[in-house]
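# Notes for the structure review
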Amino acid sequence: MPIIMKADHSQKEETRISTQMKKVKKLPVSVCRNIWKVGKDDPRRVIHALKVGVALTLVSFLYLLEPLFEGVGQNSMWAVITVVVVLEFTAGATLCKGLNRGFGTLCAGSLAFFIEFMAEETGRVYRAVFIGTTVFLVGFMSTYLRFFPCIKKNYDYGVVIFLLTFNLITVSSFRVQNVLHMARERLYTIAIGCGICLFMSLLIFPNWSGEDLHRSTARKFEALAKSIEGCVEVYFHDKDDKVSEDNIEDPIYKGYRAVLDSKFSDETLATFASWEPRATRHCHKYPWQQYVKLGTVLRHFGYTAVALHGCLQSEIQAPKSVRLLFRDPCMRVASEVSKVLIELAYSISNRRLFSHDVLSDHLHEALRDLNSAIKSHPRLFLGSKNARKVAELKRDMTSSAVALPSLKTDTSAMQQWKNNRVADQPRGLTEQKQLRPTLSKIAITTLEFSEALPFAAFASLLVEMAARLELVIEEVEELGRAAYFRETTASDDKKIKIKIENMRSDENHHDLHAHEVHRIVD
């Protein structure tokens, strides 16, 4: 037996080593594949990496070349640190951090020189007390300022740099005699680093935060349209393999996830975009915060897509026959909602004004058809048997309520005392205690749900989606007016019609014969 156990253990060890060797052999291929995928997903990442490498090389010359090193000395490393910290992926982020760093350093240096001038004539002990008190007050006020929303949003990095630079210069001035020369050299090197960062970010293949926010907003509309169409298609095709929400590759899940997870990125891009220079023919401040408001409304709209997807994952499903009965009107509603979202995406992407009339005809007609189809089959949502039961129980409850006050017994004195005690109580409380079994019976009876109720939840979400679409359209129109979008031309209308016709041509694959559906249900 020990020999057999040792053989099994040895075999398992060999299998484990073999598996690890296979993983090691595949590692270079996996790394190369991931490197290629990151660059392929967004080629701007490769360009930004090259720009950072070039910027670091340029500032390194301050330390490597002897003439430049004699001019700035050991403080040239501050230029390298500035490039590493300031040079960001987009121009707006670089401008925000660069200007914050430069302005914070300048303010801190000026204040430190003023404090040094005031403490210069005092004794060494009083000078130490004065510097310590000043450091405490400046640290307290600067840190408290960071809690203000406006400062936190736009100037937090500048306040941190101000606090750091002020303490470095002020505290160093107590021990270093030539602190003015040291601070001036650091200011020069930081200015050189910021200048190189701004040059590389603004003039060499710039990436604009505003354009990223604009394009991502249009993509979110398209993603929601695909997600809604996917939900309806899966629901009415009755696929056996349900899509898991945990699977990030699921197109339905990815569609609304891109919308729901966009709050932080929208606010960050809007903040950075406000720092970017933008030349417009109307000479106005571009309404980047309107994109944030639109994103908020779009997320509220996206919650209906999440609930719609939840209907696919529900354990209680309507029978296939019931779903097929309402398949056409539901798919029409979803298709019209998706078309409106596609048109909104086109309007934002091309900066064209959007007309509210696009929602009037086809979508309203599809909603009326869905409403008529549901009203034409009332027995599916409340069966006649359950309806009769509920009516009978209500009648029994009414008759019991009328007879209760007249109940009397003469069997014994104890029973009479109990009846008198009950009679002394408020009438409403007495009736509530006596009717409690009847009400429980009603509750148990109504638990026999109709088989069409799961579909009713799905249909109500489609109607709610159409209602919330009005709010999304209003926000897009407001964005168009605030950003001075151009009027829609005839060529734009033609492009939109071509897109709509292409989407409507797909509906031919979902036709059903009405008499066959009724035969299946009956």
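Quick note: structure is the one above.
A brief structural summary.

What counts and what doesn't
Residues numbered from 1 in each chain as written. Predicted model: local features only at pLDDT ≥ 70, side-chain atom pairs only at ≥ 80, totals over all residues. Heavy atoms only, no water. Helix = DSSP H or I, 4+ residues; strand = E, 2+ residues; numbered from the N terminus. Buried < 20%, exposed > 50% of the residue type's maximum accessible area, 1.4 Å probe, protein only. Contact = heavy atoms within 4.5 Å. Areas by Shrake-Rupley, 256 points an atom, 1.4 Å probe, with all protein chains shown as cover. Patch = residues over 30% accessible without salt bridge, like charges linked within 9 Å, V, L, I, M, F, W, Y side chains within 5 Å. Salt bridge = Lys/Arg side-chain N within 4 Å of Asp/Glu carboxyl O. Core = buried A, V, L, I, M, F, W, Y, C linked by side-chain atoms within 4.5 Å. Phe/Tyr/Trp six-rings, centres within 6.5 Å; stacked < 30°, edge-to-face > 60°. Lys NZ or Arg CZ within 6 Å of the ring centre and 35° of its normal.

## Some points on the overall build of the protein
The helix and strand inventory of the protein stands at 22 helices and zero strands. Expressed as a percentage of the 522 residues in the protein, the buried residues total 37%. Counting contacts in the protein only where the partners sit at least 6 residues apart, residues at least 24 apart contribute 84% of the total. Summed over all atoms, the accessible surface of the protein reaches about 31600 Å², with 62% contributed by carbon and sulfur.

## Looking at unusual backbone geometry
Keep in mind that most residues, glycine aside, have a negative phi and that most peptide bonds are trans. One non-glycine residue, F205, lies in the positive phi region at around 45 degrees. Following the sequence through the fold, F205 ends up in the loop between α9 (179-203) and α10 (209-237). Positive phi is not limited to glycine here, since Y484 has a value of about 55 degrees. Here Y484 shows up in the loop between α20 (453-482) and α21 (490-505). For Y484, a relative accessible area of 41% gives the class partly exposed.

## Observations regarding a nonpolar patch on the surface
Taken together, the side chains of V54, L58, F61, Y63, L64, L65, L68 and M77 define a hydrophobic patch exposed on the protein surface, amounting to about 690 Å² of accessible area. The element contributing the most residues to the nonpolar patch is helix α2 (residues 44-64), with five residues. By secondary structure assignment, the location of M77 is in helix α4 (residues 77-86). The class for M77 is partly exposed, based on a relative accessible area of 40%.

## So, the nonpolar core
Residues F221, F301, V337, L341, L344 and F455 are the most contacted members of the largest nonpolar core, which totals 64 residues. Here this core gets 12 residues from one element, more than from any other, and that element is α20. Ignoring any residue separated from it by four or fewer positions in sequence, one finds L341 in contact with F221, L224, A225, I228, F301 and L469. Counting 12 residues, the second largest nonpolar core, distinct from the first, contains V80, V83, L87 and M200.

## Describing the packing of aromatic side chains
Tallied over the full model, the rule gives 13 aromatic pairs. With a centroid separation of 3.9 Å and an interplanar angle of 5 degrees, the aromatic rings of Y235 and F458 are classed as stacked. Of this pair, Y235 sits in helix α10 while F458 sits in helix α20, and the two are 223 residues apart along the sequence. Comparing Y235 with F458 shows no difference in burial state: the two are buried. Taken together, the ring pairs in this structure connect F136, F140, Y144 and F148 into an aromatic cluster. Stacked on the ring of Y157, the Lys or Arg K97 has its end atom at 5.0 Å from the ring centre.

These figures capture arrangement, not role.
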